[in-house]
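The chain contents come next:
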Amino acid sequence: MSFNRIAIIGLGLLGGSIGLAVREYLPDSVTTGFDSDPQTRKRAAERGLVTTVCETAAEAVANADLVIFCVPPGAMGRAAADVADALPADALVSDVGSCKVSIAEALGKALPGHTVIPAHPVAGTENSGPDAGFASLFRNRWCIVTPPEPTDLLKLTALVEFWEALGANVEIMDAEHHDLVLAVTSHLPHLIAYTIVGTASDLEDVTQSEVIKYSAGGFRDFTRIAASDPTMWRDVFLSNKDAVLTMLQRFSEDLSALQRAIRVGDGDALFEQFSHTRAIRRSIIEEGQDDARPDFGRGDHDGSAAGD
Ligand code: NAP
């Protein structure tokens, strides 16, 4: 089986990118879309993010064989409840949310009796809204699919093929494990970036203009992450609380170890740690998940960044 009528709920960065990618890579499929913000619906129609922009969520899902929720994590349950009466019985329900355990629970609760197979394309940028999306966002990025047990194998296969058609590499994972892995690869780095940028802007003996002027010393790269959408990231931390707190505890211990190495002048410990982390950076580049150029190659291609 394959999906030919795809409904996208939420037409921001992720929803818009899926719509544009379907238009480019699956031209035989039609897309319907809905966003709760009338301005976003207007802009989505102007940009042609989906074949038809609908005035209600119910209208968008009425004939769909695949419905993808692309709203902030905390809005998933409400968005799903809004389509409960209109959703065709055999449609597959999925999403793109950054946390999987809590979102799977919210979707399952709002849509009992429907097949729900959550997913998380690990692709994005710090931009949001209907102008942020682009068709190549998912190309050569991972999409993690977290099917419940037991699952509908036919629909799971079709969902995997859908994401592969959009250019993604698909990995199947247990939802709890997903949340733990993403807590360290994505959620904790965002928390650290939000903290560092906040700390720098609060310093009394370093002026704001100095922070901005000398930002190329490392700070600048944190500001890109710390510019990410406040609604989405508030929801991520509240939805993946346990895994984030576990990883934060580990991080605090490792930070204390480095703090001690600096205090006691243990240069060998610092050198060993920094050599280890440099090797990790090389592996990321070798696997094609980032670009070795100093500007991460963003100056001259489509803007795709290794998102959340
Ligand atoms: P976005 O650009 O802000 O788009 C989300 C859109 O959903 C907004 O236009 C929002 O409208 C709308 N919305 C909110 N509640 C709704 C509802 N009940 N019904 C219909 N529309 C609703 O956000 P995004 O970056 O695309 O993120 C969407 C999802 O993708 C999140 O769950 C996030 O965890 C996940 N994700 C994001 C990234 C990333 O890098 N950004 C990467 C991977 C996965 P309002 O603005 O009016 O609320």
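Residues numbered from 1 in each chain as written. Predicted model: local features only at pLDDT ≥ 70, side-chain atom pairs only at ≥ 80, totals over all residues. Heavy atoms only, no water.

1. Things to note about the domain arrangement of the protein chain
Logical step 1: One can read the domain layout of the protein chain as domain 1 (5-174) and domain 2 (177-286).
Logical step 2: A separation of 30 Å is found between the C-alpha centroids of domain 1 and domain 2.
Logical step 3: Counting from both sides, the interface comprises 16 residues of domain 1 and, opposite them, 15 residues of domain 2.
Logical step 4: In total, domain 1 and domain 2 occlude about 1,300 Å² of area from one another, counting both sides; carbon and sulfur atoms represent 63% of this.
Logical step 5: On the domain 1 side of the contact with domain 2, Ser-98, Cys-99 and Glu-126 bury the most area, a combined 37% of that side's loss.
Logical step 6: At the surface where domain 1 touches domain 2, the tally comes to 1 salt bridge.
Logical step 7: Glu-126 is the salt-bridge partner of Arg-224, the closest N and O atoms lying 3.1 Å from each other.
Logical step 8: Where domain 1 touches domain 2, the interface holds 8 residue pairs in polar contact (both at pLDDT 80 or more). (Domains from an automatic or database assignment. Contact = heavy atoms within 4.5 Å. Buried area = accessible area lost by both parts, 1.4 Å probe. Salt bridge = Lys/Arg side-chain N within 4 Å of Asp/Glu carboxyl O. Polar contact = N/O pair within 3.5 Å; in protein donor to acceptor, adjacent residues only side chain to side chain.)

2. Structural notes on the state of the cysteines
Logical step 1: In the structure shown here, the tally under the stated rule is 0 disulfides.
Logical step 2: Free of any disulfide, Cys-70 has its nearest neighbouring cysteine sulfur in Cys-143, separated by 11 Å.
Logical step 3: Residue Cys-70 is classed as buried on the basis of its relative accessible area of 12%.
Logical step 4: The cysteine Cys-99 is free of any disulfide, with Cys-70 supplying the nearest cysteine sulfur at 15 Å. (Disulfide = S-S within 2.5 Å. Buried < 20%, exposed > 50% of the residue type's maximum accessible area, 1.4 Å probe, protein only.)

3. Focus on a negative patch on the surface
Logical step 1: Among the surface-exposed residues, Glu-105, Glu-149, Asp-174 and Glu-176 lie close enough to one another that they form a single negatively charged patch.
Logical step 2: Among the secondary structure elements, Glu-176 is positioned in helix H7 (residues 175-202). (Patch = residues over 30% accessible without salt bridge, like charges linked within 9 Å, V, L, I, M, F, W, Y side chains within 5 Å. Areas by Shrake-Rupley, 256 points an atom, 1.4 Å probe, with all protein chains shown as cover. Lys, Arg positive; Asp, Glu negative; His and termini not counted. Charge placed at Lys NZ, Arg CZ, Asp CG, Glu CD. Helix = DSSP H or I, 4+ residues; strand = E, 2+ residues; numbered from the N terminus.)

4. Regarding the sheet that holds strand S3 (residues 52-53)
Logical step 1: Strand order across the open sheet formed by 6 strands is S3-S2-S1-S4-S5-S6, with parallel pairing between neighbours. Two strands lie at the open edges of the sheet, namely S3 and strand S6 (115-116), each paired on one side alone.
Logical step 2: Here strand S5 (residues 92-95) runs beside S6; their pairing, made up of 2 bridges, is parallel. Residue pairing for S6: Leu-92 is matched across the bridge by Thr-115.
Logical step 3: Along the sheet, helix H1 (residues 13-25) makes contact with strand S1 (5-9), strand S2 (30-34) and strand S4 (66-69), crossing S1 at roughly 160°. (Pairing = 2+ DSSP bridges. Axes fitted to C-alpha atoms, helices over the stretch in contact; angles between N-to-C directions.)

5. Here we look at the nonpolar core
Logical step 1: Within the largest apolar cluster, 37 residues are counted, with the highest numbers of intra-cluster contacts made by Ile-18, Phe-138, Phe-162 and Trp-163.
Logical step 2: Secondary-structure elements contributing two or more residues to this core are S1, H1, S4, strand S8 (142-145) and helix H6 (153-165).
Logical step 3: Ignoring sequence-local partners within four residues, the contact set of Trp-163 consists of Ile-18, Val-96, Ala-119, Pro-121, Phe-138, Cys-143, Ala-168 and Val-170.
Logical step 4: Formed by 23 residues, the second largest nonpolar core is a distinct cluster that contains Val-61, Leu-87, Ala-110 and Leu-111. (Core = buried A, V, L, I, M, F, W, Y, C linked by side-chain atoms within 4.5 Å.)

6. So, the pairing of S8
Logical step 1: Bridge count between strand S7 (residues 119-121) and S8: 3 bridges; the pairing is antiparallel. When the sheet's bridge partners are listed, Pro-121 is paired in S8 with Cys-143.
Logical step 2: Pairing between S8 and strand S9 (residues 169-172): 4 bridges, direction parallel. Bridge pairing in S9 links Ile-144 to Glu-171.

7. Concerning helix H10 (residues 230-239)
Logical step 1: Of the positions making up H10, those classed as buried are Trp-233, Asp-235, Val-236 and Phe-237.
Logical step 2: Tucked into the core, H10 has its buried residues touching H7 and helix H11 (241-264).

8. Some words on the environment of Ala-226
Logical step 1: Counting through the fold element by element, Ala-226 comes out in helix H9 (residues 219-226).
Logical step 2: With a relative accessible area of 18%, Ala-226 lands in the buried category.
Logical step 3: Between the C-alpha atom of Ala-226 and that of Glu-126, which follows or precedes it by 100 residues, the distance is 8.1 Å.
Logical step 4: Beyond its immediate sequence surroundings of up to four residues, Ala-226 is in contact with Ala-193, Tyr-194 and Val-197.

9. Considerations on the site of the ligand
Logical step 1: Every one of the 29 residues lining the ligand counts as a neighbour, but Asp-35, Val-71, Ser-98, Gly-129 and Asp-308 are closest to it.
Logical step 2: Backbone polar atom of Ser-36 to a nitrogen atom of the ligand: 3.2 Å apart, as the coordinates give it.
Logical step 3: The contact in question runs from an oxygen atom of the ligand to an N or O atom on the side chain of Ser-98, over 2.6 Å.
Logical step 4: Against a free-state accessible area of 890 Å², the protein chains account for coverage of 85% of the ligand.
Logical step 5: Among the elements of the structure, H1, helix H4 (76-83) and S7 are those that each provide at least two residues to the shell around the ligand.
Logical step 6: By residue class, the composition of the shell around the ligand is 15 nonpolar, 11 polar and 3 charged. (Near = heavy atom within 4 Å. Nonpolar A, V, L, I, M, F, W, Y, C, P; charged D, E, K, R; others polar.)

10. Focus on the packing of H7 against H10
Logical step 1: Running from N to C, H7 and H10 cross one another at 125°; their axes reach a closest spacing of 11 Å. By the angle between their directions, the pair H7 and H10 is classed as oblique. At the point where H7 passes H10, the crossing takes the left-handed sense. Of the residues in H10, those in contact with Ser-186, His-187, His-190, Leu-191 and Tyr-194 of H7 are Trp-233, Val-236 and Phe-237.
Logical step 2: In terms of residue class, the contact of H7 with H10 is built from 5 nonpolar, 3 polar and no charged. (Parallel < 35°, antiparallel > 145°, perpendicular 65-115°, else oblique. Left-handed = near helix turned anticlockwise from the far one by under 90°.)

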